[in-house]
Amino acid sequence: MLENVESNYDCANAGDDLHNLIQELEQFQGSEEQRNRLKNQIQFIQNKCSITHEHNPK
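Residues numbered from 1 in each chain as written. Predicted model: local features only at pLDDT ≥ 70, side-chain atom pairs only at ≥ 80, totals over all residues. Heavy atoms only, no water.

## Some details on the nonpolar core
Now for step 1: Tyr 9, Ala 14, Leu 18, Leu 21, Ile 22, Leu 25, Phe 28, Leu 38, Ile 42, Ile 45 and Cys 49 together form the largest nonpolar core, which totals 11 residues.
Now for step 2: With five residues, the top contributor of residues to this core is helix α1 (residues 14–26).
Now for step 3: Setting aside anything within four residues of it in sequence, one finds Leu 18 in contact with Ile 42, Ile 45, Gln 46 and Ile 51. (Core = buried A, V, L, I, M, F, W, Y, C linked by side-chain atoms within 4.5 Å. Buried < 20%, exposed > 50% of the residue type's maximum accessible area, 1.4 Å probe, protein only. Helix = DSSP H or I, 4+ residues; strand = E, 2+ residues; numbered from the N terminus. Contact = heavy atoms within 4.5 Å.)

Shown next, in the form of structure tokens:
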């Protein structure tokens, strides 16, 4: 999970960050709150950086 994903997020990092966040979500075993935070980070990056991705977090 990324520490801070804010409005000034650098989309140059989106490829690596999304890959890592999606992998982390797929293997996640923690609380529902943390799972939701991962999903929100993924969606934020996808929206901010105009990325369409075939993997939508469940």
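## Thoughts on the state of the cysteines
Now for step 1: On inspection of all chains with the given rule, the structure shows one disulfide.
Now for step 2: A disulfide bridge connects Cys 11 with Cys 49, and the sulfur atoms are separated by 2.0 Å. A torsion of -90 degrees about the S-S bond marks the disulfide between Cys 11 and Cys 49 as left-handed. In this pair, Cys 11 is assigned in the segment before α1 and Cys 49 in the segment after α2 (32–48), connecting sequence segments 38 residues apart.
Now for step 3: With a relative accessible area of 32%, Cys 11 lands in the partly exposed category. (Disulfide = S-S within 2.5 Å.)

## With respect to α1
Now for step 1: With 13 residues, α1 ought to run about 18 Å at 1.5 Å a step, and its terminal C-alpha atoms sit 18 Å apart, in line with that.
Now for step 2: Within α1 the residues assigned to the buried category are Ala 14, Asp 17, Leu 18, Leu 21, Ile 22 and Leu 25. Buried residues along α1 cover an arc of 125 degrees about the axis, so they all sit on one side. Projecting away from the buried face of α1 at angles above 90 degrees are the exposed residues Gly 15, Asp 16 and Glu 26. (Expected span 1.5 Å × (residues − 1). Arc of directions from axis to C-beta.)

Treat this as a map of the structure, not an account of what it does.
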